[in-house]
Amino acid sequence: GHRAEAEAAFKKAVDTNQKSLPARLALANFYAVSGQRDRAEEQFKAAIAINSKDLLANRALAYFYIGSGRAAQAEAHLKVVADLTPNDHGKVTLADYYVAMGRLDDGRRLLEAIAASGGGGFATAKLRLAALGLVSGDPAVAMRLVEDVLAKQPSNTEALIAKAELLARSGQWDDSLAAARAAVASNQRSARAQFVLGQALALKRDETNAVAAFSQALQLNPRLANAELELAKIHLAQGRLKE
């Protein structure tokens, strides 16, 4: 709670070594969380000036711009992050940025390149493309992309969840339930898998087990509001108004 003393200490660190990236970023983060955005941006830019290819500095400034409502200015720094990150995570983040900005074609092209490279981001890219397929109203394409992932990674939890959701959308409730059970079996600590299992059970009118699945999802993630909502619907339908 001693902000003035904290600021003095951070500034002293910078004064001690003007070229220290950790010191600059620490001061920038202090200003950012203190609501002093102009000063934060100044220090983030100073860090970039020290080393324009520093991964941490570029990521920090990109997220600062996004959090400040100036997302368009984040692109250049996210591109640096995508180029410097040794795995595909940086490229996936850039693709997510494009999608969030409404640049679906740019996002799709980048995701297709990630998937085609056959690297560690293959599954994530394919599932992101499946989601875009749903947005464009083509569930068949979405299912094909999900099946591409499962052909290589049969126990991929996120792919099994996506398959269960797609099957439920098309009214294939038995198959959806089977996929949801497989998702839970692949990762019993996945709140999303438990939630999708609850949905599949609810569609099959198996309210007792649906309640158990939704409750398990909430134990794993107490902030999963959709699980609370689904439980409320079941209790309401069965006249348990207090619950």
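Everything that follows concerns the structure shown earlier in this document.
Residues numbered from 1 in each chain as written. Predicted model: local features only at pLDDT ≥ 70, side-chain atom pairs only at ≥ 80, totals over all residues. Heavy atoms only, no water.

1. Focus: the side chain of T85
Here's step 1: Looking at the secondary structure, you find T85 in the loop between helix 5 (75-84) and helix 6 (89-100).
Here's step 2: The exposure class assigned to T85 is buried, which follows from its relative accessible area of 9%.
Here's step 3: A polar contact of 2.6 Å, which involves the side chain of T85, links it to the backbone oxygen of V81. (Helix = DSSP H or I, 4+ residues; strand = E, 2+ residues; numbered from the N terminus. Buried < 20%, exposed > 50% of the residue type's maximum accessible area, 1.4 Å probe, protein only. Polar contact = N/O pair within 3.5 Å; in protein donor to acceptor, adjacent residues only side chain to side chain.)

2. Details of unusual backbone geometry
Here's step 1: Positive phi outside glycine occurs at R205, with the angle close to 65°.
Here's step 2: Overall, R205 belongs to the exposed group, its relative accessible area being 62%.

3. Here's the deal with the packing of aromatic side chains
Here's step 1: Under the definition given, this model contains six aromatic pairs.
Here's step 2: Ring centres of F64 and Y65 lie 5.9 Å apart, and the angle between their planes is 55°; on these two criteria the pair is classed as tilted. Residues F64 and Y65 agree in their burial class; the two are buried.
Here's step 3: Between the aromatic rings of F195 and F214, the centroid separation amounts to 5.6 Å while the plane-to-plane angle is 50°, which identifies the pairing as tilted. Within this pair, whereas F195 is found in helix 12 (residues 191-203), its partner F214 is found in helix 13 (residues 207-220), the two being separated by 19 residues in sequence. Each member of the pair, F195 as well as F214, carries the same accessibility label: buried.
Here's step 4: Three or more aromatic residues joined by ring pairs form one cluster here, namely F10, F30 and Y31.
Here's step 5: One cation-aromatic arrangement involves K152 over F122; the distance from NZ or CZ to the ring centre is 4.4 Å. (Phe/Tyr/Trp six-rings, centres within 6.5 Å; stacked < 30°, edge-to-face > 60°. Lys NZ or Arg CZ within 6 Å of the ring centre and 35° of its normal.)

4. Focus: the packing of helix 8 (residues 122-135) against helix 9 (residues 139-152)
Here's step 1: The interhelical angle for the contact between helix 8 and helix 9, taken along N-to-C directions, is 165°, at an axis separation of 7 Å. By the criterion of interaxial angle, the relationship of helix 8 to helix 9 is roughly antiparallel. The two elements helix 8 and helix 9 meet at a crossing, and its hand is left-handed. Two secondary-structure elements touch here, helix 8 through F122, A123, K126, L127, L129, A130 and L134 and helix 9 through P139, A142, L145, V146, D148, V149 and K152.
Here's step 2: Among the residues making up the contact of helix 8 with helix 9, the classes are represented as eleven nonpolar, no polar and three charged. (Axes fitted to C-alpha atoms, helices over the stretch in contact; angles between N-to-C directions. Parallel < 35°, antiparallel > 145°, perpendicular 65-115°, else oblique. Left-handed = near helix turned anticlockwise from the far one by under 90°. Contact = heavy atoms within 4.5 Å. Nonpolar A, V, L, I, M, F, W, Y, C, P; charged D, E, K, R; others polar.)

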